[in-house]
Amino acid sequence: MKVAVVDINGKSTGREVELSADVFAIEPNNHAVYLDVKQYLANQRQGTHKAKERAEISGSTRKIKKQKGTGTARAGSIKSGVFKGGGRMFGPRPRNYSFKLNKGLKRLARKSALTMKANDDAIVVMEDFNFDSPKTKNFTNVLKALGVEGKKSLFVLGASNNNVYLSSRNLKGSDVIMNSELSTYKILNANKLVLLESSLEGIESNLSK
């Protein structure tokens, strides 16, 4: 699969790159994508939710009424969950929501997501660029040139570039990552996937193992 390379102004450079069919043109596996996205979102949960149960409630321990003869259900504690101010029955407790997925399945999910983007013509290959200093306006101009201003975009770099990253940080919807940080969720969450030329080799080598 050949894709034209554009420059920082969104103009064609006259060059094309070949995207690996093993990464960008496979048969997508929807279930693998589902599991990988589910794991990503589960890992974002803090799991610090907590509700007090009856043993943790402060209150009297006396029996609040006699056992029989009241015409209502027996009750032994004011801290019972059936009373206002009582403990929560089966309330949430702190827990870890993360779960394990095999590396092979995660690679399959990322390749499936990249294939989906390729099929939707939502991948742009851009020649490497840099800014002299961190400036949001510079990155905004790049978004305008690519026609993705105001849309969700994901820029994938081949190596760390602090000026580009800092220039994009204040812009909602634009994310800049390195090829080693690529995830199924981030791929699918972006309307347009912008791959810098230097990132292609790393992406294909990581996913072709």
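Anyway, here's the lowdown on the structure attached to this text. It should be emphasised that the depicted structure is a prediction, and the values quoted were computed from it without experimental measurement.

The rules behind each value
- Residues numbered from 1 in each chain as written.
- Predicted model: local features only at pLDDT ≥ 70, side-chain atom pairs only at ≥ 80, totals over all residues.
- Heavy atoms only, no water.
- Phe/Tyr/Trp six-rings, centres within 6.5 Å; stacked < 30°, edge-to-face > 60°.
- Lys NZ or Arg CZ within 6 Å of the ring centre and 35° of its normal.
- Core = buried A, V, L, I, M, F, W, Y, C linked by side-chain atoms within 4.5 Å.
- Buried < 20%, exposed > 50% of the residue type's maximum accessible area, 1.4 Å probe, protein only.
- Helix = DSSP H or I, 4+ residues; strand = E, 2+ residues; numbered from the N terminus.
- Contact = heavy atoms within 4.5 Å.
- Axes fitted to C-alpha atoms, helices over the stretch in contact; angles between N-to-C directions.
- Parallel < 35°, antiparallel > 145°, perpendicular 65-115°, else oblique.
- Nonpolar A, V, L, I, M, F, W, Y, C, P; charged D, E, K, R; others polar.
- Salt bridge = Lys/Arg side-chain N within 4 Å of Asp/Glu carboxyl O.
- Pairing = 2+ DSSP bridges.
- 1 Å grid on protein atoms, 1.4 Å probe; cavity = no way out; pocket = protein on both sides within 12 Å on 5 of 7 lines; lining within 4 Å.
- Points joined across faces, edges and corners; volume = space filled by probe spheres on them.

Points about the packing of aromatic side chains
Inspection of the entire model under this criterion finds 3 aromatic pairs. Measuring from ring centre to ring centre gives 5.5 Å for phenylalanine 129 and phenylalanine 131, while their planes differ by 55°; the resulting arrangement is tilted. Geometry around tyrosine 97 places arginine 95 over its ring, the cationic atom sitting 3.9 Å from the centre.

Examining the nonpolar core
By size, the foremost hydrophobic cluster in this structure holds 22 residues, and its most contacted members are Phe24, Leu114, Val156, Leu182, Leu193, Leu195 and Ile203. Taken together, the elements giving at least two residues each to this core come down to strand S1 (2-6), helix H1 (21-24), helix H3 (103-119), strand S3 (123-126), strand S4 (153-157), strand S6 (192-196) and helix H7 (197-207). Not counting chain neighbours up to four residues away, the residues in contact with phenylalanine 24 comprise Leu19, Leu114, Thr115, Ala118, Ile123, Leu195, Ile203 and Glu204. Val6, Phe129, Phe155 and Val194 belong to the second largest nonpolar core, which has 16 residues in total.

Let's talk about the packing of helix H2 (residues 30-44) against H3
For the pair H2 and H3, the least separation of the axes is 8 Å and the interaxial angle reads 110°. By the angle between their directions, the pair H2 and H3 is classed as roughly perpendicular. Across the interface between the two elements, Asn30, Ala32, Val33, Leu35, Asp36 and Gln39 from H2 touch Leu105, Lys106, Leu108, Ala109, Arg110, Ser112, Ala113 and Met116 from H3. Counted by class, the contact of H2 with H3 contains 8 nonpolar, 3 polar and 3 charged residues.

Regarding the pattern of salt bridges
All chains considered together, the criterion is met by 6 salt bridges. Between aspartate 36 and lysine 106 there is a salt bridge, with its nearest N and O atoms 2.8 Å apart. Linking aspartate 36 in helix H2 with lysine 106 in helix H3, this pair joins segments that are 70 residues apart in sequence. Given a relative accessible area of 5%, aspartate 36 falls into the buried group. Each member of the salt-bridge network shares a partner with another, and the members are Arg15, Glu127 and Glu197.

Topic: the sheet that holds S6
Sheet strands pair via backbone hydrogen bonds, and the direction of the pair is either parallel or antiparallel. Within the open sheet, the 6 strands sit side by side as S2-S1-S3-S6-S4-S5. Their pairing is mixed. At either end of the open sheet lies a strand with only one pairing partner, and these are strand S2 (12-18) and strand S5 (174-178). Across this sheet, the average inter-strand angle for adjacent strands is 30°, counted without regard to direction. Note: S1 against S2, 4 bridges, orientation antiparallel. Each residue of the ladder has a partner; that of alanine 4, found in S2, is glutamate 16. In the packing of helix H4 (residues 136-146) onto the sheet, contacts are made with S1, S3, S4, S5 and S6, and the angle to S4 comes to roughly 110°. Taken strand by strand, H7 contacts S1, S2, S3, S4 and S6, and its axis lies near 95° from that of S6.

Details of the layout of surface pockets
Space inside the largest pocket adds up to approximately 150 Å³. Forming the boundary of the largest pocket are Tyr40, Lys152, Ser153, Leu154, Gly173, Ser174, Asp175, Tyr185, Lys186, Asn189 and Ala190. Listed by contribution, the elements that provide at least two residues to the lining of the largest pocket are S4, S5 and helix H6 (184-189). The biggest single contributor to the lining of the largest pocket is H6, with 3 residues. Looking at side-chain class alone, the lining of the largest pocket contains 4 nonpolar, 4 polar and 3 charged residues.

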